[in-house]
Amino acid sequence: MSAAPSSLAALGIDIGGTKVAGGVVAPDGTILATARRATPGASVSDTEDAIAAVVEELAAGHDGELVGAGIGAAGWFDRTGDTVLFSPHLAWRHTSLRKDLAARLQRPLWVGNDADAAAWAEYRYGAARGADLALMITLGTGIGGGIVMDGRLRRGAHGVAGEWGHMRVVPDGRLCACGNRGCWEQYASGSALGQTAREVASTSPAAAALLLERVEGQASRLTGEDVARAAHDGDPLALELVTEVGVWLGQGIADLAAVLDPEVVVIGGGVSVLGEMVLGPARSRLERALPGRGFRPGPRIVAAELGAQAGMVGAADLVRRAVSEGEA
């Protein structure tokens, strides 16, 4: 490598349930070019084909040296990033993804969880810049996240730290896809917002009349996105449901503060577009629920700054860092 890794652009690849999105990312976090392919989630080999196609397209279009490729995906990775233990949207089950991609791409790699990559991006370039201990909470279909402490991404002893969504907050509560009941993401996520709306609309259709107008009167069709749009339009019930999600969010953050004492908690993911409609109630609940309140400070709750590009930007910087430290 002719130049210092810290001075070179890197590839960041974000693998979702529907698309593989990639970018050429400069050392300052600027995205210089992007490419994408559909994600053929049912096939491991086809997914790897899509990743390779995005990498090849971006590399061919970049006039200069690239330090490597950082790849983030929804799922549980082992601590090294060598193996995907499980992915909810893709066919990976104990798959040696890093080895397979290294042989195919012939580039230095960082491979890991997409929320970890987003947490790193917010620490390096966004809402958590300079924090000693920052937590990322991604509110989407479920709840994920990551931990940055003392300038390092912390992945846990087995690689699966930051799965906040599966803290149990309601004994014998709603059944979660993880197999347990009462998980946090069943009450403070986009899916939770939709489920609560469907329950209210089914039992009290008069109270949910404005929401039901959006789905031709069919309560079963209501989604979290419908509720979010209605809240933006001022629907009182939708605002109440969004506030409830914010309260659950604040309660979970209070529990995390008891264990980790973070300086800042960054809220990203699709639900975060609701902004203060969710964050305001979360802060209020945190103030009332923080263990030792009145005798200790709590974390700041802030909105993520990098949006949907955080995973791409973070993954690129993580491979740049890994090469600089001789780990890729």
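Everything here concerns the structure above.
This structure is a prediction, so every number in the text was calculated from the model and none was measured.

Each value, and the rule that gives it
- Residues numbered from 1 in each chain as written.
- Predicted model: local features only at pLDDT ≥ 70, side-chain atom pairs only at ≥ 80, totals over all residues.
- Heavy atoms only, no water.
- Helix = DSSP H or I, 4+ residues; strand = E, 2+ residues; numbered from the N terminus.
- Rg over C-alpha atoms; globule rule 2.2 N^0.38 Å.
- Buried < 20%, exposed > 50% of the residue type's maximum accessible area, 1.4 Å probe, protein only.
- Contact = heavy atoms within 4.5 Å.
- Areas by Shrake-Rupley, 256 points an atom, 1.4 Å probe, with all protein chains shown as cover.
- Lys, Arg positive; Asp, Glu negative; His and termini not counted.
- Charge placed at Lys NZ, Arg CZ, Asp CG, Glu CD.
- Axes fitted to C-alpha atoms, helices over the stretch in contact; angles between N-to-C directions.
- Parallel < 35°, antiparallel > 145°, perpendicular 65-115°, else oblique.
- Nonpolar A, V, L, I, M, F, W, Y, C, P; charged D, E, K, R; others polar.
- Pairing = 2+ DSSP bridges.
- Disulfide = S-S within 2.5 Å.
- 1 Å grid on protein atoms, 1.4 Å probe; cavity = no way out; pocket = protein on both sides within 12 Å on 5 of 7 lines; lining within 4 Å.
- Points joined across faces, edges and corners; volume = space filled by probe spheres on them.
- Core = buried A, V, L, I, M, F, W, Y, C linked by side-chain atoms within 4.5 Å.
- Polar contact = N/O pair within 3.5 Å; in protein donor to acceptor, adjacent residues only side chain to side chain.

Novice: I'd like to hear about the overall build of the protein chain, residue by residue, with values.
Specialist: Assigned secondary structure in the protein chain consists of 9 helices and 13 strands. Taking 20 Å as the expected radius of gyration for a compact globule of 328 residues, we find that the protein chain reaches 20 Å, a close match to that expectation. Projecting the C-alpha coordinates of the protein chain onto the three principal axes gives extents of approximately 65 × 50 × 35 Å. Here the protein chain holds 328 residues, and the buried ones make up 52% of them. Partitioning the contacts of the protein chain with sequence separation of at least 6, the portion at a separation of at least 24 is 62%. Of the roughly 14200 Å² of accessible surface on the protein chain, 51% is carried by carbon and sulfur atoms. Of the charged side chains in the protein chain, 29 are positive and 38 negative; the average position of the first set lies 3 Å away from that of the second.

Novice: Give a detailed account of the packing of helix α3 (residues 114-125) against helix α9 (residues 310-324), specifying residues and quantitative values.
Specialist: Relative placement of two packed helices is described by the angle separating their axes and the distance separating the axes. Packing of α3 against α9 brings their axes to within 7 Å, and their N-to-C directions diverge by 80°. Comparing their axes, α9 and α3 come out roughly perpendicular. Across from D114, A117, A118, W120, A121, E122, R124 and Y125 in α3, the residues of α9 making contact are A310, G311, V313, G314, A315, D317, L318, R320 and R321. Taken together, the residues that form the contact of α3 with α9 break down as 9 nonpolar, 2 polar and 6 charged.

Novice: So what's going on with the sheet that holds strand β5 (residues 76-77)? Residues and values would help.
Specialist: Spatially, β5-β6-β7 is the arrangement adopted by the 3 strands of the open sheet, whose pairing is antiparallel. The outermost strands of the open sheet, each flanked by one partner alone, are β5 and β7 (93-95). Sheet topology places β5 next to strand β6 (residues 84-86); 2 bridges connect them, and they run antiparallel. Of the residues in β6, the one forming a bridge with F77 is V84.

Novice: So, the state of the cysteines: which residues are in play, and what are the values?
Specialist: One pass over the full model with this rule turns up 0 disulfides. Counting only cysteine sulfurs, C178 is the nearest neighbor of C176, a cysteine outside any disulfide, at a range of 3.8 Å. Between C178, a cysteine without a disulfide, and C183, which holds the nearest cysteine sulfur, the sulfur-to-sulfur distance is 3.6 Å.

Novice: Which residues make up empty space enclosed by the protein, and what are the values?
Specialist: Counted by the stated rule, this structure contains 3 cavities of 30 Å³ or more. Taken as a whole, the largest cavity encloses approximately 50 Å³ of empty space. In terms of lining, the largest cavity is formed by R174, Q186, Y187, A192, L193, T196, L241, E244, V245 and W248. The dominant element in the lining of the largest cavity, judged by the number of residues it contributes, is helix α7 (residues 236-260), at 4 residues. Grouping the constituent residues of the lining of the largest cavity by class yields 6 nonpolar, 2 polar and 2 charged.

Novice: Go over the nonpolar core with me, naming the residues and quoting the values.
Specialist: Most often, soluble globular proteins keep nonpolar side chains buried together rather than apart. Grouped together as the largest cluster of nonpolar side chains are 43 residues, with contacts concentrated most on I137, L211, L249 and I267. Those elements that place two or more of their residues in this core are β9 (133-139), β10 (143-149), α4 (190-203), α5 (209-213), α6 (224-232), α7, β12 (264-268) and α8 (276-289). In terms of residue count, the dominant contributor to this core is α7 (10 residues). Setting aside anything within four residues of it in sequence, one finds L211 in contact with A197, L222, D226, V227, A230, D235, L237, A238 and L241.

Novice: So what's going on with the pairing of strand β3 (residues 31-38)? Which residues, and what values?
Specialist: The sheet contact formed by strand β2 (residues 19-25) and β3 spans 7 bridges and is antiparallel. In the sheet register, A21 faces β3, and the bridge partner there is R36. Hairpin connection, β2 to β3: the antiparallel pair is bridged by 5 residues, and G29 has positive phi, about 90°.

Novice: Give me the environment of T80: which residues, what numbers.
Specialist: Among the structural elements, T80 can be located in the loop between β5 and β6. Sequence-wise, T80 and A52 are 28 residues apart; in three dimensions their C-alpha atoms are separated by 21 Å. Setting aside anything within four residues of it in sequence, one finds T80 in contact with R98 and R155. Side chain to side chain, T80 and D78 meet in a polar contact 3.0 Å long. At 3.0 Å, the side chain of T80 forms a polar contact with the side chain of D82.

Novice: So, the sheet that holds β3: which residues are in play, and what are the values?
Specialist: With respect to topology, 5 strands assemble into an open sheet ordered β3-β2-β1-β4-β8, the strand pairing being mixed. Unpaired on one side and paired on the other, β3 and β8 (109-113) mark the two borders of the sheet. On average, each strand axis in the sheet is tilted by 15° relative to the strand beside it, whichever way the strands run. Strands β1 (9-15), β2, β3, β4 (66-73) and β8 of the sheet are contacted by α9, whose axis makes an angle of about 130° with β1.

Novice: Got a sec to walk through the pairing of β2? Specific residues and values, please.
Specialist: The buried fraction of β2 is high, at 6 of 7 residues. Where β1 and β2 come together, 6 bridges link them in antiparallel fashion. Bridging from a neighbouring strand, G12 pairs with G23 of β2. Count of turn residues in the β1/β2 antiparallel hairpin: 3 residues.

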